[in-house]
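In case you want the letters, here they are:
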Amino acid sequence: GAVVSQHPSWVICKSGTSVKIECRSLDFQATTMFWYRQFPKQSLMLMATSNEGSKATYEQGVEKDKFLINHASLTLSTLTVTSAHPEDSSFYICSAKREVNIQYFGAGTRLSVL
Amino acid sequence: EDKVVQSPLSLVVHEGDTVTLNCSYEVTNFRSLLWYKQEKKAPTFLFMLTSSGIEKKSGRLSSILDKKELSSILNITATQTGDSAIYLCACARIPYDKVIFGPGTSLSVIP
């Protein structure tokens, strides 16, 4: 299957700092990538859809200025959590759409904000 | 509002048992239904179902879509401890914008 790489896999940061998470499609070009957040024992919650060369589409309730998304190339999307606070601690997962309808997921990033 | 429902939410079985996981949906402009398996990290793709009544099979796993009933089942035969995971059902719409995930079924297979 397709390979999506997500980095870092785990990050600890101090409250008030910003954290950048990268999502790369390694063996295909992805015009569309997705960012999810997952709380323990819960399903994936879509945060935003990232389109190459255009602004991201955010889901209702997700702060655009808090979660900055950049999709600068067909193989890279980044999510920056700005001024992170403890309530932002979560598991963040990206995915990239390859064939019609199928998303391939990165390994996720566990963010812990102290 | 579009939604995807899965049942049961949690299931514990013994090795060798056969399990059936259910997924039902109410999605406007439905295009396809997908099943994913999530162990500790990222979900891995299992099946995509677009047509009703056509079974997809991969080893001990199989799945089928019923568009009339707006549902799908995922069967796992002769379960093994390695099948323990969360199984996610998701629906894609026309035109494709995003998929809507269900809450998942947490399957635990005990020796």
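Structure: above.
Now for a quick tour of the structure. Predicted model, so just to flag it, every value in this text is computed and none were measured.

Some points on unusual backbone geometry
Then, number 1: A cis amide bond, omega 0 degrees, links His7 of chain A with the succeeding residue Pro8 of chain A.
Then, number 2: Within the secondary structure layout, Pro8 of chain A lies in the loop between β1 (4–7) and β2 (10–13).
Then, number 3: Residues Ser7 of chain B and Pro8 of chain B are joined by a peptide bond in cis, for which omega reads -10 degrees.
Then, number 4: One can find Pro8 of chain B in the loop between β1 (3–7) and β2 (10–14).
Then, number 5: Residues other than glycine seldom take positive phi values, yet Ala78 of chain B does so here, at roughly 45 degrees.
Then, number 6: Within the fold, Ala78 of chain B resides in the loop between β8 (71–76) and β9 (85–93).

Overview of the state of the cysteines
Then, number 1: Taken as a whole and assessed by the stated rule, the structure comprises 2 disulfides over all chains.
Then, number 2: Between the sulfur of Cys23 of chain A and that of Cys94 of chain A lies a disulfide, 2.0 Å long from S to S. Measuring the twist about the S-S bond at about 80 degrees, one finds the Cys23 of chain A-Cys94 of chain A disulfide to be right-handed. Pair noted here: Cys23 of chain A is in strand β3 (residues 19–25) and Cys94 of chain A is in strand β9 (residues 90–97), with a separation of 71 residues, a long-range link.
Then, number 3: For Cys23 of chain B, the disulfide goes to Cys89 of chain B, at an S-S distance of 1.9 Å. Across the S-S bond of Cys23 of chain B and Cys89 of chain B the torsion is about -70 degrees, and the bridge reads as left-handed. Taken together, the positions of Cys23 of chain B in strand β3 (residues 19–26) and Cys89 of chain B in strand β9 put the pair 66 residues apart, joining distant regions of the chain. Here Cys23 of chain B and Cys89 of chain B have matching classes, each one buried.
Then, number 4: Unpaired in terms of disulfides, Cys13 of chain A finds its nearest cysteine sulfur in Cys94 of chain A, a separation of 18 Å.
Then, number 5: The cysteine Cys91 of chain B is free of any disulfide, with Cys89 of chain B supplying the nearest cysteine sulfur at 5.1 Å.
Then, number 6: Taking the relative accessible area as the measure of exposure, Cys91 of chain B reaches 0% and is therefore buried.

So, the nonpolar core
Then, number 1: Membership of the largest hydrophobic core comes to 44 residues, with the highest contact counts inside it found for Tyr36, Phe67, Phe105 and Leu111 of chain A together with Val99 and Phe101 of chain B.
Then, number 2: Broken down by element, the residue count for this core peaks at 5 residues, all from β9 of chain A.
Then, number 3: In contact with Phe101 of chain B, other than residues within four places in its own chain, are Tyr36, Ser43, Leu44 and Phe105 of chain A together with Val4, Tyr36, Leu88, Cys89 and Ala90 of chain B.
Then, number 4: One finds Tyr25, Ala85, Cys91 and Ile100 of chain B within the second-largest nonpolar core, a separate group that totals 23 residues.

Describing the side chain of Ser90 of chain A
Residue and element names in this part refer to chain A.
Then, number 1: With respect to the helices and strands, the residue Ser90 is situated in strand β9.
Then, number 2: In terms of polar contacts, Ser90 uses its side chain to reach the side chain of Arg37, at 3.3 Å.
Then, number 3: Once residues lying within four places of it in the same chain are set aside, the contact partners of Ser90 are Arg37, Gln38, Phe39, Thr109, Arg110 and Leu111.

A short note on the pairing of β9 of chain B
Two faces belong to every sheet, and in a regular strand the side chains alternate between them.
All names here are of chain B.
Then, number 1: Within β9, 8 of the 9 residues are buried, which leaves the element mostly enclosed by the surrounding structure.
Then, number 2: In the sheet, strand β4 (residues 30–38) pairs with β9 via 8 bridges, with the strands oriented antiparallel. For Tyr36, the partnering residue across the bridge sits in β9 and is Leu88.
Then, number 3: Relative to strand β11 (residues 105–110), β9 is paired through 3 bridges, and the arrangement is antiparallel. If you follow Ala85 over to β11, its bridge partner there is Leu107.

Quick notes on the rules
- Residues numbered from 1 in each chain as written.
- Chains lettered and ligands numbered in written order.
- Predicted model: local features only at pLDDT ≥ 70, side-chain atom pairs only at ≥ 80, totals over all residues.
- Heavy atoms only, no water.
- Helix = DSSP H or I, 4+ residues; strand = E, 2+ residues; numbered from the N terminus.
- Disulfide = S-S within 2.5 Å.
- Buried < 20%, exposed > 50% of the residue type's maximum accessible area, 1.4 Å probe, protein only.
- Core = buried A, V, L, I, M, F, W, Y, C linked by side-chain atoms within 4.5 Å.
- Contact = heavy atoms within 4.5 Å.
- Polar contact = N/O pair within 3.5 Å; in protein donor to acceptor, adjacent residues only side chain to side chain.
- Pairing = 2+ DSSP bridges.

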